[in-house]
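# Reading the structure
The chain contents come next:
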Amino acid sequence: MALKEADVQKQQVNSVTHWHVTGTDDIAKKLDVDPAKGLSDAEVAKRLEQYGPNEIVDKGAKNPLLILWEQLTDPLVIVLLLAALVSALLGKVQELIAIMSIVVINAVLGVVQEYRAEQAMQALKNMSAPHVRVRRGGKTREVESRELVPGDVVLLETGNIIPADGRVIESANLRVQEASLTGESESVDKITETLDDPEAGIGDRKNMVYRGTNAAYGRATAIITNTGMSTELGKIAQLIQDVDSELTPLQRRMAEVGKVMFYAAIGVALAALLIGFIETLFIESMNFFDSFNDILLNAVAIAVAVVPEGLPAVVTVSLALGTQRMLRRNALIRKLPATETLGSVTVICSDKTGTLTENRMTVKVVDVPGETFDLSSVMQRTLPKSQHLSLSDELEGLLLVAGTMANDSEVERVDRNDQDYRVQGDPTEGAIALAAARFGLVKDRMEEKLVRVGEVPFSSERKMMTTVHEVKGELPMDDALQHNIDQIFNDMQYVAFTKGAPDRILDVCNRVWENGEIHEMTPQYRERIENGNASLANEGLRVLAVTFRPLDNLPADENWPEAEKDMVFIGLVGIIDPPRPEVKRAVATCRTAGIRVVMITGDHPITAKAIARDLEIVDGNATAIIGNELEKMSDEELREVVKTTSVFARVSPEHKLRIVRAMKDNGEIVAMTGDGVNDAPALKQADIGVAMSITGTDVSKEAADMVILDDNFATIVDASEEGRTIYDNVRRFIKYLLASNTGELFVLLITQGVPGIPLPLNTLQILWMNLITDGVPALALGVEQPEENSMTRPPYPPGASVFGGGLGRHIIIVGLVLGVTALTLGLVSFNMDFHAANSACYDGSVWAFTLADLDCADGEEGTKAWNTMVFIMLTLAQMGHAYGLRSHRETVFRMNPLGNRFLLYALLITVAIQISTIYLPFFNDLFGTNPLTMGQLVLCLVLSTFVFVAVEIEKLLMRRGVLNDTIV
């Protein structure tokens, strides 16, 4: 149940307090709690009243009635409603039904497309544990997490979801997976010591735990410091709710089209009324009151001719078809307008972990005295069944054996006959075990010969772990180096393996293994090891050192720490979450397409820069901006910084939000990718939010417009190409529909001003053409293949008009050619001598084939023949227009004629339907049409080709540079 606003205010618990720089005793005093006993029931009730439940508060979803009202107040819909009102007043029931049907269909499509209950808040609520163990009144209890209050003492263990923000006061090797909140792939070791930096980011506050994260290992006790909306998760919820929804580029451009069409419709309708009234004043035979109905009907018909009634439906269906094509490329569209938005993107802000990288810690480098082995290529190699990689050096094998033995991760085969392994446990430990397994050193098999008998667990204070093993025979290895490695253990009864931070490991080492022998640790060796460690760290690798020590006997009284001295240094292991192989190519494609890639991550800046350099997002001299630096920047300064900076590290959700806003303020169309809760506000703020499916949280998915099913950055680039194709196709059918309507409008306005000539098209004929004979080919244009240069040209500028790039010019040119041709046909046929030999030449046959057949109808029938010829000629001309628009620049004669089968089918079906309107009695009665002779039909067909020729000439002039088609 949502909280009241007053309750929300009560939850604001001194959120500016820097708990991580406050000692545990001071925290206990400040929160008035005895950590050994916890709060009393009375105190809990009091604080629950003061701070409110430990819940996330939401504002609620947008009212669907408001969405419907927005649909009905669209400018184009207003024009149609006015036309419907006039038709109703004049008793034109057919026109009224037709117009209102269009209004209802478009409104339903709009509401269904836009209305979606806001689920991000519900997903945030689900990220809390239903129950939690606490100390209250000196006893341990299990309570609902919503009942937690500041000062509660909670007990955490492996697998727990952290129920609220808290300060760690006791820790037994607690590691917390905070990737959903910070974006860091590694679990964080939690400590109890007080930190010094009050400005430390969330990822660096190692003595704090945060709501919604997970305890991956160990156990701890923490004092709750913040609950509900005052937690870091609550702040993210507030950020999500504070982000206002904005129109997509396509929606803005469609609004531009709607505004232009609205003013055009009102303008030409008023012009038609004025012309009609003037005619009644200057033509004596016309009576004003008798002509009033006709004048209004003519004005309605002309206004309807301006409005592209089929455009909203065509856009919606085209976007829906685009979503299906994107789904086949692993991009799931959640919000329909986002389908096109990707094609307008100028900047992609990408999270690092899991998007640019594999989200899988992998051994990249093995560094041993005298040699460095780069394993990055071999670790990505696909192995045939029952095979493994070959070791090239015994020291390399010894290091992998030692690193795998001093290891608590578990490695299991996915298929017993395959070398595909699944790792459980700490990602860093798992990376070493997996690397060894791919070289045939499978942990469970080696443990049969190197049986663990003792250990010194890893702790955040010691930063290393040691295991002691009894040697029981040769190692189960198939490699040619098996004998050499086995020789190392032959004379040992027991052996200790240690791995950990290089600086700590060096403190317990006095010897080095090199060239199959043990040497004393000299200053030269130490310097070489330290330099190697620094070099690997500067490459963004997590570095672990590995040692061993032969033991004749086990430590007395199982005093296992005794084994951690006089160790023999083996080497260093460099581990990293590697870039996805295909991402580098995708980033290069972005550069060619004029799209800038920016990395925004909560990870360490050194790691972030290393990955960015590897992927060529930045060059070697680039710097990374960290969150603390962002804090000190004004909005104006940040707007300048984001123009040139491509790596942001150690950032918080607020920082990501500010970065996206700054880019949008600079006029960029921003795509933001992410998978964590911390990404949700920025995902919602971006022009298009892109969430990851595999690693993504429910919160990020619900806040996003699109979900990448394979968590691959390259898929975003593929979807961007699809988005550009969709917008090119949208421009195609805008050209098609508006040019067709312009031709119709030209004919109607001119004939309205010619005394004695009725309008050649009535309202129903116009609606029929706009919805059926125009709409079906327009839909087929929506599945046209990509233009050849779709990803080698810059994206359309965000502020560019939809009528730019020659689109407005095309509408005028084609509209005039279409209008003049149809008007000429109409005036010539109308002014024929309808009274010459009427009965002698017209026998009702449609197969007569002379131009004189134009005279073979009189009076009312003559009008119907003229009306029908204009009706059919306009439709046939639009079919040629549609085929010519298969490319914006290239001639269709160089394109595969079967490249868009849907368009061919659409043209054939539309022509067949249109022919039926002039030869079937039902349609004759409905539209007021008349069967044409073969001569009349052929004449219409010949004249209809003029538009296709005009389209091809325009494209020829564009290719030769005479006409400009650049959008600015």
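First, a word on scope: everything that follows refers to the structure included in this document.

Basis of the calculations
Residues numbered from 1 in each chain as written. Predicted model: local features only at pLDDT ≥ 70, side-chain atom pairs only at ≥ 80, totals over all residues. Heavy atoms only, no water. Helix = DSSP H or I, 4+ residues; strand = E, 2+ residues; numbered from the N terminus. Buried < 20%, exposed > 50% of the residue type's maximum accessible area, 1.4 Å probe, protein only. Contact = heavy atoms within 4.5 Å. Pairing = 2+ DSSP bridges. Axes fitted to C-alpha atoms, helices over the stretch in contact; angles between N-to-C directions. Polar contact = N/O pair within 3.5 Å; in protein donor to acceptor, adjacent residues only side chain to side chain. Core = buried A, V, L, I, M, F, W, Y, C linked by side-chain atoms within 4.5 Å. Expected span 1.5 Å × (residues − 1). Salt bridge = Lys/Arg side-chain N within 4 Å of Asp/Glu carboxyl O. Patch = residues over 30% accessible without salt bridge, like charges linked within 9 Å, V, L, I, M, F, W, Y side chains within 5 Å. Areas by Shrake-Rupley, 256 points an atom, 1.4 Å probe, with all protein chains shown as cover. Lys, Arg positive; Asp, Glu negative; His and termini not counted. Charge placed at Lys NZ, Arg CZ, Asp CG, Glu CD. Parallel < 35°, antiparallel > 145°, perpendicular 65-115°, else oblique. Left-handed = near helix turned anticlockwise from the far one by under 90°. Nonpolar A, V, L, I, M, F, W, Y, C, P; charged D, E, K, R; others polar.

Further remarks concern the overall build of the protein. Check the secondary structure of the protein and you find 37 helices and 26 strands. Here the protein holds 968 residues, and 56% of them are scored as buried. Taking all contacts inside the protein whose residues are at least 6 apart in sequence as the whole, residues at least 24 apart take part in 75%.

Further remarks concern the sheet that holds strand β22 (residues 625–626). Within the open sheet, the eight strands sit side by side as β8-β26-β25-β24-β9-β21-β23-β22. Their pairing is mixed. Single-partner strands in this sheet number two, and they are β8 (331–333) and β22. In this structure, strand β21 (residues 596–600) lies alongside strand β23 (residues 647–649), joined through two bridges in parallel fashion. Its bridge partner lying in β23, M599 is registered against V647. Set on the sheet, helix α23 (residues 605–614) makes contact with β21, β22 and β23; between it and β23 the angle comes to about 155°.

Attention shifts here to the side chain of T868. Residue placement: T868 occurs in helix α34 (residues 859–884). In terms of polar contacts, T868 uses its side chain to reach the backbone amide nitrogen of N930, at 2.9 Å. Excluding its chain neighbours within four sequence positions, the residues that come into contact with T868 are I918, T929, N930 and L932.

Now for the nonpolar core. Counting residues in hydrophobic clusters, the biggest one holds 131 residues, and the most contacted among them are F569, M706, F713 and I734. At 17 residues, helix α29 (residues 713–752) tops the list of elements feeding residues into this core. In this view, F569 contacts I505, L506, C509, R511, V512, W513, M521, I529, A545, V546 and T547; residues no more than four positions away in its chain are not counted. With 43 residues, the next largest nonpolar core counts V33, I223, I236 and V598 among its residues.

With 12 residues, helix α17 (residues 427–438) extends 16 Å from end C-alpha to end C-alpha; this agrees with the ideal 16 Å at 1.5 Å per step. Within α17, 11 of the 12 residues are buried, which leaves the element mostly enclosed by the surrounding structure. The N-terminus of α17 is capped by D426, whose side-chain oxygen sits 3.0 Å from the backbone nitrogen of T428. Positive backbone phi, at 90°, marks G440, one or two positions downstream of α17.

Summarising burial for strand β17 (residues 509–514): five of the six residues are buried, a large majority. Bridge count between β17 and strand β20 (residues 567–576): three bridges; the pairing is parallel. Paired with V512 across the bridge in β20 is F569. Sheet analysis places β17 next to strand β18 (residues 517–520), joined by four bridges and oriented antiparallel.

Compared with an ideal rise of 1.5 Å per residue, which puts 40 residues at 58 Å, α29 spans 58 Å between its outermost C-alpha atoms and is within 8% of the ideal. Structurally, the start of α29 carries an N-cap: the backbone nitrogen of A714 is 2.9 Å from a side-chain oxygen of N712.

Let us now look at the pattern of salt bridges. Summed over the entire model, instances satisfying the criterion amount to 40 salt bridges. Residues D204 and R650 are paired through a salt bridge, measuring 3.1 Å at the closest nitrogen-oxygen approach. Within this pair, whereas D204 is found in the loop between β5 (188–189) and β6 (208–209), its partner R650 is found in the loop between β23 and α26 (653–665), the two being separated by 446 residues in sequence. Since its relative accessible area comes to 32%, D204 is described here as partly exposed.

In this section: a negative patch on the surface. On the surface, D196, D197, E199, E631 and E654 cluster together into a negatively charged patch. Looking at where D196 falls in the secondary structure, it is placed in the loop between β5 and β6.

With that out of the way, let us pick up the packing of helix α30 (residues 763–773) against helix α35 (residues 901–919). At a minimum axis separation of 11 Å, α30 and α35 run at an interaxial angle of 155°. Between α30 and α35, the angle falls in the class roughly antiparallel. Here α30 runs over α35; the crossing is right-handed. For the pair α30 and α35, the contacting residues are W768, I772 and T773 in the first and T910, I913, Q914 and T917 in the second. A per-class count over the contact of α30 with α35 returns three nonpolar, four polar and no charged.

It is worth spelling out a nonpolar patch on the surface at this point. On the surface, V317, L321 and L779 cluster together into a nonpolar patch covering about 190 Å² of accessible area. With respect to the secondary-structure elements, V317 resides in helix α12 (residues 311–328).

Another aspect to go through is unusual backbone geometry. The backbone of N330 sits at a positive phi, close to 70°, despite the residue not being glycine. Checked against the element boundaries, N330 lands in the loop between α12 and β8. Positive phi values are uncommon outside glycine, yet K463 reaches one of about 60°. Tracing the chain through its elements places K463 in the loop between β14 (450–456) and β15 (464–471).

The next point concerns the environment of V143. By the secondary structure assignment, V143 is in strand β2 (residues 139–144). Relative accessible area serves as the criterion here: at 9%, V143 is assigned to the buried category. Considering only alpha carbons, one finds V143 and H131, 12 residues apart in sequence, at a separation of 5.4 Å.

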